[in-house]
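Notes for the structure review
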Amino acid sequence: MWKWGLLTVVAALAAGGTGWVWLRYDFEKVNWAWGVIAGFVAVYVVLDQVFTNRPAASTALVTHRRAVADQLADLVRRDPSDDTVLRAVDEPYPLPVRWSTAPARLLPSWRAIGRSSDAVPLDLSGRDGALWTRYRSIPSGRLLLLGSAGSGKSITALRMARELPAHREPDTPVPVPIPVASWDPDREGFTDWLVDRIARRYPQLAAEHPHPEAVLRDLVEAGLLVPVLDGLDEMPEQRLVSCLEQLNALATQRFVLTCRSSVYERYLTQGQKLRGTAVVVLEPLSPAEVADYLVDAAPYHQANNWCTVAATIGDDTELTGVLSTPLMVAMARSAFDQPGTDPRDLVPLAREQGRRSVEDDLLTRAVDAALRSGRGGQGLRRWEPDTSRRYLAFLAAHLESLDQREFRWWQLPAALPGPFWAIFDGLRSGLAVWVALSYAHDALTETAALVSDIGTRHLLNAIARNVDGLAVAAFLLAVCAALLRGRTARDTPRRVLFVGGRRALRYGLIAGLVGGAFWAFATLTLLSTVTPSPELVGLLDGVPGLPAWSDPVRGAVVVGVLFWTYSAVTAGLRVDVAAPAAELGATSAAETIDADRAASVASALTTVATAVLRLLVAVAVLRLGGLLPAAPPMTSLAYAGMGLGLAWWLHRRGGAAWIRFTVGKAVLAAKGRIPFQLLAFLAYAESVGLLRHGAGAYRFRHGRLQSRLAAGSLTGRRGSRLREEFGIELARAGYWTEALGAFAAVARARAESIGSVDRLTVAALRKALLAGAAAGQWTRLADLLALMPAPTTPSTTTPVSAQRERIARLLTANAPLPELRAAAEQLRHLEDDDTRTDRGTDEFLAALHFAEGDTDAARTLLGRLLASGSAGDGAGRSVPLAAGLLARLLLDDGDPEAAVVVCHHELLLTDQAPDRADLVLLQTWNWSVQVLRRVTDEPGEVLRRVRAALVEQRERRFALTRRELAEIGLQACHASVGHATLGPLAVAASRRLVGVLADPEIVVRTARRSAPMWHAG
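Residues numbered from 1 in each chain as written. Predicted model: local features only at pLDDT ≥ 70, side-chain atom pairs only at ≥ 80, totals over all residues. Heavy atoms only, no water.

With an unreviewed UniProt entry as reference, the protein chain is termed NACHT domain-containing protein, source organism Micromonospora cremea.

This is the structure we're talking about:
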């Protein structure tokens, strides 16, 4: 009340003062006095706003923020998008998943995690239902969840996001699951990306607020939101490194992050640990809990059958190993939930054929069960199971051929052969020429009638009369050029983006001023040399406000000002119609397709408008310059400009990503490879749990599922698969150095695109090891093995792990070979006691015998390794290094035919390797390569071969024998194997040529030649 009383007193004093001033002086003094008073009032108001606390407004803001956080927590809890993933392992109760605190080598200091110099280590171990509680005990609020493929990282992260109780504390942060693969740190910051993704995923959040993104940003900055970032390992390596570096730069940002253990350890070899981030590692499932879960989750008609299987889990190591991850347990459930299936078939299969056969069988059955189930999103169309399987097999084989794990819609055209797209490009070029000349027909004939030069008139008339012939010629030339180029164009999606604004306007003003000065000087020079035409002089006279200067000066001023104005306006209002689409930030593939289509239409409109304007300007310049006695009709020129614009658009943008996708989809659908409604089918496959969607792309739930579906398909025999086949043919004839180049190139490309520990990468690495060992190229093999991550150090030290660490130290210290051999023999003895089936130590022992010169012992051990089973060691593992060394010994013994057979047989077995890299085995191979590299004088060996070749060349005359002719053919095949059209033909031709070069006499000469046919892969 005292404020109102004070206000009344102030008003009375102001009224009295105003009357006194008016009576004592005049009205002008009254205005001056009130101006002074208004200034004091304004200063008071500003100071009041700055220094006065307003608890009421602050309370309202906090209340609104808490209400939005409650709404977000409810949306996360009710989000149905992840129900398909959780349903398979959460019914009838959540499958128990355990984790433990990571070893010290993966953790930063506990002081950094605790944000205090007095912080002590935390025990973060636990099981389902406790991860959120463990996370809340971490002072830094940063947690990294590691695990192997299929170990349940995504499931655990989703469960954590839903562990938040319905009635949470007001200031408790809300965990929100977000696929981190959609973040491109080179394009947007973490906070901007996070706000955008949450706004897209939950559009109803704060929908009543005029600026919902500002509300979300306030939640992030207030610490009421914890992003649960899933799928870091699905990123390309370069982007993954950038993401982790940005998270390190945001030292106070809270998050939960999931990643494969091998991927993160690979990153640690070149980057630093996540600052202040606690790390936990998922453990394999308990056999007893898996057995109980499968029995409890079994349908009524399968309960007894699953009881029989459960009784063997824990005793059968192969079956137990298969059912040790949530992914395989979920697949086992779905594979045998239909009548007519019997899970007891897994028991003899595991006993007789091993773990890989069981996994293949489960994958096959799980796909069929998912397609026959009643699952799926509401309102989605369904396809017949057999038809769906055929479509999925084609997509899987297509991804295998591209060495990719993610399907992006704009990569679909690569499924069609190169000649098809060569014809398509030819049709575009022919149509472009036909449209341009058809629309410009009248302008050409009318211009021909105006020109005085007879040759020019005949040329214009000939062009106007032969439209069809020129279009056909353009078609043929474009087809030939595309076939010679050999690469299928892969345009990426585009979008319309406004790039103008104040900064662009300032740049346009400066650039326009410089350009205008240049064109003004050029115009002045031209008009000073040539007499201006009367039409130009009349046009200059009609410009208002132009001083009466000379004609050249006036022309230069007009040109300079027009250019300057045009540059400034176009820069300030510029719209980029070919900007890269925000593919990673897209919520669906349809979004980027629509954006690319809109960009294409906008590009067509702007291209046509620009062409019409430029043609009119060109004709005006010719007319004013006196080169044309008259101008053709405006209608003809407008049609000609439209034709030229459409033709240019067809040539440059007629092969846009969405156009190629539409054409490719129609052709493949007509062949029965994919459905016409491809995007709807992908959404259906995601709803039944076979695909995952994120960052504008689809991927199979597991890389092994993709490989299993693609098995036996001819579609996958493209790209790197052709290079692999070519390398196998080269090795069959003893061209091991060239084969090593082919396999190494494939391994490097796959490591970059799908990861260094992927099954396809490891298969190529095995082939390279075999060829490199046979060729004695140890330095190149050492560089290739550097791509692979180091093995994980076990949390508990065992005699085997301790002995392996000892051998690693001996190798680093360049210990003598006898000492290394004694340590390797002790390691093999410990592994036998530990019932391990790994043959890497035997290969290392053989390499040590070979390095010491004890070829008899090496040959005996290598022969035993190769004879131990049809697949190397009998457990689904090949022994490439042993095969390469044995081939080298056989060649030295004068038995090249046996050496080639050994290599070829083992190369065919390398594709049967496990679906993921055995990092311990890779480390053992690295040991063997280091030892053999130490004792081999590779430069000296090359010099010896060069001298021997020179001696042989002096003793024999040059003759073009069948060997030389076949090698010329092989070099042509090597040059063509990467060609989209000629690649399959090159591999087929190489088989015929190798049939000639595989003669034992030729193989001996090939293996002992001084230099390879080529040095590139």
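1. Side note on the pairing of strand β12 (residues 697-700)
Residue alternation in β12 divides its side chains into two sets, Ala697 and Arg699 and Tyr698 and Phe700, and both sets are buried. Here strand β8 (residues 406-407) runs beside β12; their pairing, made up of two bridges, is antiparallel. Of the residues in β12, the one forming a bridge with Glu406 is Arg699. Relative to β12, strand β11 (residues 691-694) runs antiparallel, the two being bridged by four bridges. Opposite His693, over in β12, you have Tyr698 as the bridge partner. (Buried < 20%, exposed > 50% of the residue type's maximum accessible area, 1.4 Å probe, protein only. Helix = DSSP H or I, 4+ residues; strand = E, 2+ residues; numbered from the N terminus. Pairing = 2+ DSSP bridges.)

2. Some points on the packing of helix α10 (residues 237-249) against helix α11 (residues 261-268)
For the pair α10 and α11, interaxial distance at closest approach is 11 Å and the crossing angle is 75 degrees. Comparing the axis directions of α10 and α11 gives the class roughly perpendicular. Every residue of α11 that contacts α10 at Glu237, Leu240, Val241, Leu244 and Asn248 is listed here: Val263, Arg266 and Tyr267. In terms of residue class, the contact of α10 with α11 is built from five nonpolar, one polar and two charged. (Axes fitted to C-alpha atoms, helices over the stretch in contact; angles between N-to-C directions. Parallel < 35°, antiparallel > 145°, perpendicular 65-115°, else oblique. Contact = heavy atoms within 4.5 Å. Nonpolar A, V, L, I, M, F, W, Y, C, P; charged D, E, K, R; others polar.)

3. Some words on helix α33 (residues 759-775)
The periodicity of an α-helix, 3.6 residues per turn, causes residues three or four positions apart to be oriented the same way. Compared with an ideal rise of 1.5 Å per residue, which puts 17 residues at 24 Å, α33 spans 24 Å between its outermost C-alpha atoms and is within 8% of the ideal. Positioned one or two residues after α33, Gly776 has a phi angle of 75 degrees, which is positive. (Expected span 1.5 Å × (residues − 1).)

4. A look at the sheet that holds strand β4 (residues 174-179)
Strand order across the open sheet formed by seven strands is β2-β1-β7-β3-β6-β5-β4, with mixed pairing between neighbours. The open sheet has two edge strands, β2 (126-127) and β4, and neither has a second partner.

5. Notes on the sheet that holds β12
Spatially, β8-β12-β11 is the arrangement adopted by the three strands of the open sheet, whose pairing is antiparallel. For this open sheet the edge positions go to β8 and β11, each flanked by a neighbour on one side alone.

6. Some thoughts on the environment of Val553
Secondary-structure assignment places Val553 in helix α25 (residues 551-572). Given the relative accessible area of 32%, Val553 is considered partly exposed. Spatially, the C-alpha atom of Val553 lies 8.5 Å from that of Thr523, the residues being 30 residues apart in sequence.

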